[in-house]
Amino acid sequence: MSACKMKKILIITGIALAAAMTSCVSLDTQPLNRETDVNYWNNPSSALESVNSCYRSLGNPAMLLFGEGATDNAHVRSGNTQSIGNGSYSTADSYVESMWGDLYEGVKRCNILTENIDLVPELTEELKLRYLGEVYVIRAHLYHELVVRFGDVPYFTNVITVEESKVIERTPRAEVVSAILEQLDEVIDGKYLPEKYPASDRGRVTHWAAMAMKARILLNEGRYSEVKAVTENIIENSHHALHPDFAQLFTVEYEDNDEYILDIQYALNLRENQGNYNFLPPSLAGVANINPTNELVESYGMLNGAGIHDSGSGYNSNSPWLNRDPRLALTICYDGGYYVLADGTHHTVITDPNSNSNDRFQPGTSVITTSTGYYFKKFYDNQATTAQRSGLNYPVIRYADVLLMHAEACAETQSLTSSEWNKTIRPIRERAGFTDSGALDFPSGKSSQELIQIVRNERRCELAFEGLRMKDIYRWKTAEQVLNGNVHGMYTGATIGTDNGFYIVETRKFDPAKHYLWPIPQSERDINRNLGQNPNW
């Protein structure tokens, strides 16, 4: 076993132990502290174990995959984010409650470490700063996820008591963002973290992960000039680069690549995920809980760089998969598409509703086939022992996102020049497999708004199902456009229950006066009335 894989197992073992010892908690749960667990902190290894447990809070495939159901990228067959996607959720929504609880569980785990690390004996100052740096970045990520969804939230960096949790008030979003950015600057400027770990420590938070996290937060706050400065630094000075093959990027064999700046770590038999199970078709032992929409499918353009509805694009509705963006077939499995099995053979999937295939699209039924006529395939792990046991890592931030953040910041500040295009969008498209100059060359003559739309669509196609689409459409204030009205599945040609032959999966509603912020869970407000509520909830 390589040193890299060995260290990965050591990190994951700490995460798995933490998962076994704790469950999802809310703000009113009594934490471990000096009085109840002082003997634990007297152990020299306790700091590392506690830091490792914080990595569990980075997220999981369910958070990334099902999160797309709250956007125009996907439809969830039942439960999870289905109600958020169609606008029917309430203050008692179980997914909203679990997201609040899971994120604050992570905050609490981080606070336990930062408050007790000085009790750990035989810990050098260098190692102490490194551990704190790792946890500060993870905690910044957690608070960022909270403010994106809930706006003003309780902000604390110490271990609070049950009594305190019952009266704590929400901190304005701007103050939370300012605080986590200030702490990230402390980590970055103080060089708490190495720029790159040796193979024996691969998978831990680095200096560049802190920088990329800062860029992501600034982007979501619309601070584009600051974004450019941070992303430029990463592009010019880091060792990170695009992995040469898009398909390889999401496989166990190539998961330890330099495009991944920060990822969620898994390993067979130690810490496994059920990503495959939730999106694969029945013929591969999946239950297809999460399915791509036709809106996402249509966002993938042509090899010549044109959108499928653009004049002169060459798109042919009778051969809809011909000459399309190569990432489409690598991200989504459509009728006649396939998955590559471990032995290299192709497993073809038939979704034609008129076929006898077990994977066929069956509109209006509750069976475990696709609800849209499409299946997801980007994170398909063909090395998994079963559909419910995958050891594939999932990205939190990868270098392609840094390039796209830089391109968006340039477009929004009207500084997306040919030079900036050639170091951001062009290499992403080249890696995807584009060769036509229409796709690769800077689209001169386009208006500033047209350039913004090109970059936004590139983000959608490149980063689909990586947990970013909701942040994007909330940031752009386009959710009110893309989450209102009918969401569609595949073309069936039927005249009933369709729009021009495309199956209507459901009708969605997004109220911009209400839905850009999720409600504070009623279960939390029953405990603490000081939390208040977001507008119109």
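Just above sits the structure.
Presented here is a report on the structure given in the accompanying data block. (Residues numbered from 1 in each chain as written. Predicted model: local features only at pLDDT ≥ 70, side-chain atom pairs only at ≥ 80, totals over all residues. Heavy atoms only, no water.)

Here's the deal with the pattern of salt bridges
Part 1: All chains considered together, the criterion is met by 37 salt bridges.
Part 2: Of the charged contacts, one joins Glu430 and Arg426 as a salt bridge, the two residues approaching to 3.1 Å between their closest N and O atoms. Here the residue Glu430 and the residue Arg426 both occupy positions in helix H17 (residues 425-432), the gap between them amounting to four residues, near one helical turn.
Part 3: Take Arg426: its relative accessible area is 22%, and that puts it in the partly exposed class.
Part 4: One continuous salt-bridge network, built from bridges that share partners, spans Glu259, Asp325, Arg327, Lys378, Arg398, Arg429, Arg431, Glu458, Glu462 and Glu466. (Salt bridge = Lys/Arg side-chain N within 4 Å of Asp/Glu carboxyl O. Helix = DSSP H or I, 4+ residues; strand = E, 2+ residues; numbered from the N terminus. Buried < 20%, exposed > 50% of the residue type's maximum accessible area, 1.4 Å probe, protein only.)

Let's talk about the packing of helix H10 (residues 207-220) against helix H15 (residues 399-412)
In a packed pair of helices, the relevant descriptors are the angle between the two axes and the axis-to-axis distance.
Part 1: Here H10 crosses H15 at 40°, and the two axes come no closer than 11 Å. Crossing hand, H10 versus H15: left-handed. Here Ala212, Ala215, Arg216 and Leu219 of H10 lie close against H15, whose contacting residues are Asp401, Val402, Met405 and Glu408. (Axes fitted to C-alpha atoms, helices over the stretch in contact; angles between N-to-C directions. Left-handed = near helix turned anticlockwise from the far one by under 90°. Contact = heavy atoms within 4.5 Å.)

Thoughts on the packing of helix H7 (residues 125-150) against helix H9 (residues 173-189)
Part 1: The geometry of H7 relative to H9 is characterised by a closest axis approach of 10 Å and an angle of 160° between their N-to-C directions. In terms of orientation, H7 and H9 fall into the roughly antiparallel class. Relative to H9, the crossing made by H7 is left-handed. Contact residues: Gly133, Tyr136, Val137, Arg139, Ala140, Tyr143, His144, Val147 and Val148 in H7; Arg173, Val176, Val177, Ile180, Gln183, Leu184, Glu186 and Val187 in H9. (Parallel < 35°, antiparallel > 145°, perpendicular 65-115°, else oblique.)

Geometric values such as these leave the question of function open.
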